Amino acid sequence: MQHHGSRWHGILQTVVMSFPASDNNREHTAKGGGLKGRQVELFVLVAADKVKDHQLIKKALKKLAVNHLVSSVFNNEQLLNILQNKEYYTRAIPLVPQLLFLDVRLPVLSGIGALREIREQADVSEMLVCMIGDPGNQAKKEAENLGATGFLPRPLDEDQVLRVATTVLKTH
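The structure contained in this document is the topic of the report that follows.

### Quick notes on the side chain of D53
And then number 1: Take D53: it is sitting in helix α1 (residues 51-61).
And then number 2: Given the relative accessible area of 6%, D53 is considered buried.

### A closer look at the packing of aromatic side chains
And then number 1: Summed over all chains, the structure comprises zero aromatic pairs.
And then number 2: Taking the ring centre of F151 as reference, the NZ or CZ of K140 above it sits at 5.1 Å.

### Things to note about the side chain of N75
And then number 1: Structurally, the position occupied by N75 is in the loop between β5 (68-73) and α2 (76-83).
And then number 2: Owing to a relative accessible area of 0%, N75 belongs among the buried residues under this scheme.

### Quick look at the environment of K52
And then number 1: With respect to the secondary-structure elements, K52 resides in helix α1.
And then number 2: Taking relative accessible area as the criterion, K52 reaches 65% and is therefore assigned exposed.
And then number 3: Between the C-alpha atom of K52 and that of P155, which follows or precedes it by 103 residues, the distance is 9.9 Å.

### A word on the pattern of salt bridges
And then number 1: Per the stated rule, a full pass over the model turns up six salt bridges.
And then number 2: Linking D49 and K50 is a salt bridge whose minimum nitrogen-to-oxygen distance equals 3.9 Å.
And then number 3: Judged by its relative accessible area of 27%, D49 is partly exposed.
And then number 4: Relative accessible area serves as the criterion here: at 38%, K50 is assigned to the partly exposed category.
And then number 5: Of the charged contacts, one joins E158 and K63 as a salt bridge, the two residues approaching to 2.6 Å between their closest N and O atoms.

### Digging into the packing of helix α3 (residues 111-119) against helix α4 (residues 137-145)
Geometrically, a packed helix pair is captured by the angle between its two axes and the distance between the axes.
And then number 1: The geometry of α3 relative to α4 is characterised by a closest axis approach of 10 Å and an angle of 15° between their N-to-C directions. By the angle class used here, α3 and α4 are roughly parallel. Note on packing geometry: the crossing formed by α3 with α4 is left-handed. Only A139, E142 and A143 of α4 make contact with α3, whose side of the interface consists of I112, L115 and R116.

### A short note on unusual backbone geometry
And then number 1: The omega angle of the peptide bond from R154 to P155 is -5°, so this bond is cis rather than trans.
And then number 2: Summarising the element assignment, P155 is placed in the loop between β8 (148-152) and α5 (158-171).
And then number 3: You will see that V108, though not glycine, has its phi angle at about 85°, which is positive.
And then number 4: Inspection of the secondary structure assignment puts V108 in the loop between β6 (99-103) and α3.
And then number 5: Since its relative accessible area comes to 43%, V108 is described here as partly exposed.

Definitions and limits used
Per-chain numbering applies: the sequence of each chain, read as written, is numbered from 1 onward. Residues qualify for local features only when their pLDDT is at least 70, as the model is predicted, and side-chain atom pairs are given and counted only at 80 or more; totals for whole chains, interfaces and linings, by contrast, use all residues. Excluded from the side-chain calculation are hydrogens and water; included are all heavy atoms of the structure. Numbering of helices and strands starts at the N terminus; helices are DSSP runs of H or I of at least 4 residues and strands are runs of E of at least 2. When accessible area is computed with a 1.4 Å probe and restricted to protein chains, residues below 20% of their type maximum are described as buried, those above 50% as exposed, and intermediate ones as partly exposed. Pairing of aromatic side chains here covers Phe, Tyr and the six-membered ring of Trp, requires ring centres within 6.5 Å, and sorts the geometry by plane angle: under 30 degrees stacked, over 60 edge-to-face, intermediate tilted. The rule for a charge over a ring is simple: NZ of Lys or CZ of Arg within 6 Å of the ring centre, and within 35 degrees of the ring normal. The salt bridge criterion pairs a side-chain nitrogen of Lys or Arg with a carboxyl oxygen of Asp or Glu, the two atoms within 4 Å. Note on definitions: angles span 0 to 180 degrees between N-to-C directions of axes, and those axes are lines fitted to C-alpha atoms, for helices only across the stretch in contact. These descriptions rest on fixed angle ranges, namely under 35 degrees for roughly parallel, over 145 for roughly antiparallel, 65 to 115 for roughly perpendicular, and the rest for oblique. If you view the pair so one helix is near and one far, a crossing is left-handed when the near helix is turned anticlockwise from the far one by less than a right angle, and right-handed when it is turned clockwise. The contact criterion used throughout is that any non-hydrogen atoms of two residues lie within 4.5 Å.

By themselves, these figures tell us nothing about what the structure is for.
Laid out in structure tokens, this is it:
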């Protein structure tokens, strides 16, 4: 029996923003659904149980002048399913996210536990992970050892989100 922890189970929200894209940064092309043929320069996955976090991240990313895709999941079980292309998420998103905003405390499995499982998957092992919230000293060290590349404190701030996304764009 699965525990889903929120009324949002099974909802996958995606937003594609169309802006003039630079020719030198067209690394990903979406091949499925309504995204067919569109260039996606930045694919972000948000795993948080607070709708406010999803809304703020999406609002912040609208300020980027690049084509981007933002997908939302609301617990770590959904996160693992989308990354493993399972259940509801089978073929929903044909790309591997470049950036994951991962809440430290989510229903079903802790953010650290999900990060441990994510890093064991070869196809997403290079994805950059930015943890949301304060995990505490010991959990922060474990997250860093598992490859977390940043930590954003609560309450989230649009400028912080933009700095993280800009860094990803420059490095990918």
